[in-house]
Amino acid sequence: MIKILHTGDIHLDSPFSGLDPRSAEIRKNELRAAFTSMMTYAKMNNVDMLLMAGDIFDSEYVSNETLILLRRELANFGKPVFITPGNHDPAIPGSVWKKDYFSDNVHVFNKPELSSFDLDDIGTTVYGFGFSSKNMTDVPVRGRSVSDPGRINILLCHCDMITNTLDNTCCPMTADDINSFGVDYAALGHIHNPPSGSAEEKWCYCGCLEPRGFDEPGPKGACLVEISKKDGKSDVLVKRVRFSKRRYEKGEVVLQEAETQSDVIDAVSTYLTEHKFGEDAIVSIKLKGTVSPALVINTAYVSRSISGVFSIRITDETNPILDFDALDSDIGIKGEVYRQLKSKLKSEDKHERELALRALRYAFNALSGDKAF
Ligand SMILES: [Mn+2]
């Protein structure tokens, strides 16, 4: 039995531009920390090799600190490391993938043509190919097959098996390509939210190591893969291991006739507790349901009042409880404000409707200001 750690889509030195500069700097360091935690795990679990399925770097601009960290971690690991450059970090002339930069245990598939590397002590052959520019329309394994089906055969590459369009320029591989090639396991990169896949499939996406936005929800990590082969038949066991320091989560809190900012804070806090969103969570909450007409939710204040999560973003999509028929015939100021806004409140344009509703709430909020004494 051989044990592999399959990672990829690390995107080291990602700018995290969706965050404020301070949080972005924290996240950059957390990404490097997630990578070193993974390397520690690989050493502790005595894996036979590390497979890195592309997009190790976010772009061709990599800091020296990151390069040194990568070289040092891979050298310390000591066991074989295979790297295949992806569409974000292709092996272009002058790139680190083309230089003799890493220690001897590191093999980079730095050409777009299929090649292989034998590990005779564990009866395994690793096949791979790498991006040499941002696009790859070829599928280098198509029409090929492994040379010795008796060995454990692994394919390592960055490719897109999910986007089913003709303009897919990221190595549009299919399950048929992999099956006819005849590998025991295809370690793939490119898809950050890995599809669950079935046990019969010979391929697996590891997903990204650390999420970078709400389009990459939930915890992320790498795959621990165990492969055994007997009489030409292989058994593959894939276990997903979390390494991400944070996770992005989206939620919806439905308010019921909330009257004050603290009603809103309580409802959001309860939701976060119920869903066990802790310090590791970057949360986006949509407020729905009904509020009293006198309440205009101050989302900035509510966000600041919430503790226990890394960061929270709140959007207000609530509706005030209003009797529009009664307002229409109201002879007071409220009725007049309503009639002024009525056409916009019923507008076809969603944005105009929301704006009018917001204006109505501010007006009613101001008009309902009771004198305390
Ligand atoms: Mn990627």
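Numbering of residues begins from 1 in every chain and follows the order in which that chain's sequence is written. Only residues with pLDDT of 70 or above have their local features reported here, since the model is predicted, and side-chain atom pairs are shown and tallied only from 80 upward, although totals for entire chains, interfaces and linings are computed over all residues. Heavy atoms throughout the structure, all of them, feed into the side-chain values; hydrogens and water do not.

Observations concerning the domain arrangement of the chain
Spelled out, the test is: Segmentation into domains, and thus their bounds, comes from an automatic or database assignment. By the convention used here, residues are in contact when the closest approach between their heavy atoms is within 4.5 Å. Throughout, buried area stands for the accessible area (probe radius 1.4 Å) lost by two parts on being put together, summed over both. Salt bridges are counted wherever a side-chain nitrogen of Lys or Arg sits within 4 Å of a carboxyl oxygen of Asp or Glu. As used in this structure description, the phrase polar contact means that two N or O atoms lie within 3.5 Å; if the pair is within protein, one of them must be able to donate a hydrogen and the other to accept it, and residues adjacent in sequence are counted only when both atoms belong to side chains. Note that Gly is not counted as nonpolar here; it falls among the polar residues with everything else outside the nonpolar set of Ala, Val, Leu, Ile, Met, Phe, Trp, Tyr, Cys and Pro and the charged set of Asp, Glu, Lys and Arg.
If you check the domain split of the chain, you get domain 1 (2-242) and domain 2 (247-367). A separation of 44 Å is found between the C-alpha centroids of domain 1 and domain 2. Tallying the contact residues gives 12 residues for domain 1 and 10 residues for domain 2. Counting each side, the surface lost to burial between domain 1 and domain 2 is near 940 Å², with a carbon and sulfur contribution of 69%. In this structure, the connection of domain 1 to domain 2 is made through one salt bridge. Here Asp 280 ties to Arg 242 by a salt bridge, and the two come within 3.0 Å at their closest N and O atoms. Our count for the contact surface shared by domain 1 and domain 2 stands at three residue pairs in polar contact (both at pLDDT 80 or more). The class makeup of the residues in the side of domain 1 that touches domain 2 is six nonpolar, two polar and four charged.

Brief notes about the coordination of the manganese ion
Here is the rule we go by: Donor atoms: N, O and S within 2.8 Å of the metal, or within 3.2 Å for Na, K and Ca. Because water is excluded, sites can look incomplete. Labels follow the DSSP assignment, with helices taken as runs of H or I lasting at least four residues and strands as runs of E lasting at least two, numbered in each case from the N terminus. Burial classes follow relative accessibility: with a 1.4 Å probe on protein chains only, a residue under 20% of its type's maximum area counts as buried, one over 50% as exposed, and anything between as partly exposed.
The manganese ion binds to the protein through Asp 9 (OD), His 11 (NE2), Asp 55 (OD) and His 192 (NE2), with metal-donor distances spanning 2.1 to 2.3 Å. All donor residues of the manganese ion come from one chain, and their arrangement in sequence is D-x1-H-x43-D-x136-H. With Asp 9 in the loop between β1 (2-7) and α1 (21-44) and His 192 in the loop between β8 (185-189) and β9 (203-205), the pair connects residues that are 183 residues apart, well separated along the chain. As far as the burial class goes, Asp 9 and His 192 line up, both buried.

Quick look at the packing of aromatic side chains
Selection criterion: Any two rings among Phe, Tyr and Trp, with Trp reduced to its six-membered ring, count as a pair given centres within 6.5 Å; such a pair is stacked if its planes are under 30 degrees apart, edge-to-face if over 60, and tilted if neither.
For the coordinates displayed, the defined rule picks out 11 aromatic pairs. Ring geometry for Phe 57 versus Trp 97: centroids 5.1 Å apart, planes at 15°, classification stacked. On the criterion of sequence distance, the pair formed by Phe 57 in the loop between β2 (49-52) and α2 (64-77) and Trp 97 in the loop between β3 (81-83) and β4 (106-108) is long-range, its members being 40 residues apart. Measuring from centroid to centroid gives 5.1 Å for Phe 214 and Tyr 248, while their planes differ by 85°, and the two rings are edge-to-face. Highlighted residues: Phe 214 in the loop between β9 and β10 (221-230) and Tyr 248 in strand β12 (residues 247-258), separated in sequence by 34 residues. Accessibility expressed as a relative area gives 4% for Tyr 248, which makes it buried. Three or more aromatic residues link up through ring pairs in this structure, and these residues are Phe 57, Trp 97, Tyr 101 and Phe 102.

Here's the deal with the sheet that holds β10
To keep things clear, this is the line we draw: By this definition, two strands are paired if DSSP reports at least two bridges between them. Interaxial angle, 0 to 180 degrees, is taken between N-to-C directions of lines fitted to C-alpha atoms, where a helix line uses only the stretch in contact.
Judged by pairing direction, the sheet is mixed, and its six strands sit side by side in the order β4-β3-β2-β1-β10-β11 without closing on themselves. Edge positions in the sheet fall to β4 and β11 (233-242), since each has one partner strand and no second. Taking each pair of neighbouring strands and ignoring which way they run, the sheet shows an average axis angle of 20°. Relative to β1, α1 is tilted by about 175°, and along the sheet it contacts β1, β2, β10 and β11. Strands in contact with α2 are β2, β3 and β4; relative to β2, the strand with the most contacts, it is inclined by about 150°.

A few points about the side chain of Ser 284
Structurally, Ser 284 can be placed in strand β13 (residues 281-291). Among the residues examined, Ser 284 registers a relative accessible area of 12% and is labelled buried. Ser 284 has contacts with Phe 214, Glu 249, Lys 250, Gly 251 and Arg 313, leaving out every residue within four places of it along the chain.

A few points about the sheet that holds strand β5 (residues 115-119)
One open sheet accounts for five strands, arranged β5-β6-β7-β8-β9; its pairing is mixed. At either end of the open sheet lies a strand with only one pairing partner, and these are β5 and β9. Strand after strand, the sheet turns through a mean of 20° between neighbouring axes, direction not considered.

So, the packing of helix α7 (residues 333-345) against helix α8 (residues 350-367)
What counts, and what does not: Note that the term roughly parallel is reserved for angles under 35 degrees, roughly antiparallel for angles over 145, roughly perpendicular for angles of 65 to 115, and oblique for everything else.
Here α7 crosses α8 at 170°, and the two axes come no closer than 9 Å. Judged by the angle between their axes, α7 and α8 are roughly antiparallel. Between α7, through Ile 333, Lys 334, Val 337, Tyr 338, Leu 341, Lys 344 and Leu 345, and α8, the contact on the second element is made entirely by Glu 352, Arg 353, Ala 356, Leu 357, Ala 359, Leu 360, Ala 363, Phe 364 and Leu 367. A class-by-class count of the residues in the contact of α7 with α8 yields 12 nonpolar, no polar and four charged.

Describing the nonpolar core
The line we're drawing: Among buried residues, those of type Ala, Val, Leu, Ile, Met, Phe, Trp, Tyr and Cys that are joined through side-chain atoms within 4.5 Å constitute a nonpolar core.
Within the largest apolar cluster, 36 residues are counted, with the highest numbers of intra-cluster contacts made by Phe 35, Met 52, Leu 70, Leu 74, Ile 83 and Trp 97. Broken down by secondary-structure element, the contributors of at least two residues to this core are α1, β2, α2, β3, β4 and β10. Residues contacting Met 52, with those up to four places away along its chain left out, are Thr 7, Ile 10, Phe 35, Leu 70, Leu 74, Val 81, Phe 82, Ile 83, Thr 84 and Leu 156. Listed in part, the 23 residues of the second largest apolar core include Leu 114, Phe 131, Met 136 and Leu 188.

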